[in-house]
Each structure stands twice: as C-alpha cells, then as structure tokens.
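Take a look at the letters that make up each chain.
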Amino acid sequence: MQTFVRNAPLDLTPQPEPALTDRSGPALSQGFLLTLISMVASDLCSDETMDALSQIDAEGWYLGQSIESLLDEMERKSPGSAFRVGRSVYFMLPTQLKSMGVVDAQSFMRNMSALWLAVTRGDSGSFRTSDITDHAARIEMEQPYSCDFEEGAFVGLLEGLGHRDVKTQHTTCLRKGHSFCTLLVSWK
C-alpha cells in the first residue's frame, strides 16, 4: 500500500484513469471528491489552493496524495478539521449511495470494500468490515488516506442515510504504528 507524505505540496496534475481492476501504481481519487472538499471547507483553504481547486475536473483522477496535502493545510489552520470535513462531504452523498443499492448502515457496511474499489484506483489499500449487527460494526482500514477524514466520512454517510447517534471509537491506528486502523461504529 502506498504511504502518503505529510505536508507535501499540493499537486493537482490530472492522471490517466487505470482500469478498475488495476490496483498498482499510486493511489488515485476522483476529482469530484476534491470539488466537494473545496465546497465545504473553502474557509480552511488558502486563496492559492482555492484557485487550484477551481480547475479540477470532477470526472478526472488525481493523486491521492493531493487529498492528504489538502487536509494537512486545513489541519494546520483548524486542528480536527479532517474529521469535520469528511463528515460534511459524505453527508451529501446518500442519493448516490442509494442508486448503488446502499440504503442503510448494514448495506453500507456489507458493500464497503466494493465501494472503496469503485471510487479509488491504484495502490489505495482496503477496508474490511466484520461484526455487523443492526446497530454496530467493526471496520478495519488499511489505506493511506487520513483516518480522521475517513472516520468523519462514515459518520456523515450514516447520518445522511438517516441514522442517529452515530458514534465511533478509533481503537488502533496505522499512523500510530498499528498495521491498520480499527473503528468500532454504532448507530441508531
């Protein structure tokens, strides 16, 4: 799995789209995610960053490192913002998820691994879910993106799907030397 560099310069050079099944090369993310981040967190970005983000092709592919660089900029301005931005961005996506058959927390948890493979390319790691019940699940994230952002994303997605009292516990962390991040997620 690729590892991202903290505080790297923002590089928004479009990348060729590899085949869905090609999990080699650098981790890539779709431009639409960068545009959503810029919509919900423009106050946390410099004017230079906002100018660069205004040129993004939502259908294009960009280095996953660019998301890390963007979140690093935001975290320097407002610690804890990665979680808040992830929550805000993914709260807006229930319509897209429902079109893919994800209608509630359980269907999201059951399909998470496949969804991750559909929205990323390259060596972007993986998600594993287990212990899925009506109100809880265990998520293992072995991926290079900000775990705080992804944790916020899960909260936002579940809230967007209509669940209440979404809670997470981040019990192991890749950035703290563990082999993957573990999130225990519960909802009503």
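Here is what the cut-offs are and how they apply
- Residues numbered from 1 in each chain as written.
- Predicted model: local features only at pLDDT ≥ 70, side-chain atom pairs only at ≥ 80, totals over all residues.
- Heavy atoms only, no water.
- Pairing = 2+ DSSP bridges.
- Helix = DSSP H or I, 4+ residues; strand = E, 2+ residues; numbered from the N terminus.
- Axes fitted to C-alpha atoms, helices over the stretch in contact; angles between N-to-C directions.
- Contact = heavy atoms within 4.5 Å.
- Salt bridge = Lys/Arg side-chain N within 4 Å of Asp/Glu carboxyl O.
- Buried < 20%, exposed > 50% of the residue type's maximum accessible area, 1.4 Å probe, protein only.
- 1 Å grid on protein atoms, 1.4 Å probe; cavity = no way out; pocket = protein on both sides within 12 Å on 5 of 7 lines; lining within 4 Å.
- Points joined across faces, edges and corners; volume = space filled by probe spheres on them.
- Nonpolar A, V, L, I, M, F, W, Y, C, P; charged D, E, K, R; others polar.

Even after reading the chapter, I still don't get the sheet that holds strand 3 (residues 120–121), so can you show me in this structure?
Within a sheet, each strand pairs with its neighbour through backbone hydrogen bonds, oriented either parallel or antiparallel. Spatially, 2-1-3 is the arrangement adopted by the three strands of the open sheet, whose pairing is antiparallel. The sheet is open, and its two edges are formed by strand 2 (61–63) and strand 3, each paired on a single side. With two bridges joining them, strand 1 (residues 28–30) and strand 3 adopt antiparallel strand pairing. Each bridged residue has a counterpart across the sheet, and for L28 the counterpart in strand 3 is R121.

Explain unusual backbone geometry here, please?
Note: most peptide bonds trans; most residues except glycine with negative phi. Of note, the phi angle at N7 is positive, near 60°, even though the residue is not glycine. One can find N7 in the segment before strand 1. Phi at D131 takes a positive value of approximately 50°, unusual for a residue other than glycine. Relative to the helices and strands, D131 is located in the loop between strand 4 (126–130) and strand 5 (136–142).

What exactly am I supposed to notice about the sheet that holds strand 4 here?
Sheet architecture is open: four strands sit in the order 4-5-7-6, paired in antiparallel fashion. Only two strands of the sheet have a single partner each, and these edge strands are strand 4 and strand 6 (167–172). The sheet shows a mean angle of 25° between the axes of neighbouring strands, taken without regard to direction. Contacts between helix 6 (residues 105–119) and the sheet are confined to strand 4, strand 5 and strand 7 (181–186), with strand 4 contributing the most and set at about 170° to the helix. Contacts from helix 7 (residues 147–160) reach strand 4, strand 5, strand 6 and strand 7 within the one sheet, and its direction differs from that of strand 6 by about 155°.

Any chance you could explain the pattern of salt bridges here in plain terms?
Two side chains carrying opposite charge are able to pair once their charged atoms lie near each other. Evaluation of the coordinates by the stated rule reveals nine salt bridges. In this structure, the salt-bridge partner of D72 is R6, at a minimum N-O distance of 2.9 Å. Placement of the pair is D72 in helix 3 (residues 64–77) and R6 in the segment before strand 1, with a sequence separation of 66 residues. Residue R6 is classed as partly exposed on the basis of its relative accessible area, which comes to 46%. A salt bridge links R128 to E142; its shortest N-O distance comes to 3.3 Å. With R128 in strand 4 and E142 in strand 5, this pair connects stretches of sequence that are 14 residues apart. On the accessibility criterion, R128 (32% relative accessible area) is partly exposed. Of the residues examined, E142 reaches a relative accessible area of 30% and is grouped as partly exposed. Shared partners join several salt bridges into a network, and the residues in it are R6, E68, D72 and R175.

Would you mind showing me how to read the layout of surface pockets here?
Once rolled over the atoms, a probe with the size of a water molecule shows which space is left empty. When its volume is computed, the largest pocket comes out at roughly 520 Å³. Lining the largest pocket are 24 residues, with F32, Y90, L93, L115 and V119 sitting closest to its centre. Of all the secondary-structure elements, those providing two or more residues to the lining of the largest pocket are strand 1, helix 1 (31–40), helix 5 (94–99), helix 6 and helix 7. Tallying contributions element by element places helix 6 first for the lining of the largest pocket, with six residues. Residues belonging to the lining of the largest pocket are distributed by class as follows: 19 nonpolar, four polar and one charged. The class makeup of the residues in the lining of the second largest pocket is seven nonpolar, three polar and three charged.

Such coordinate-based values are descriptive only and should not be taken to indicate function.
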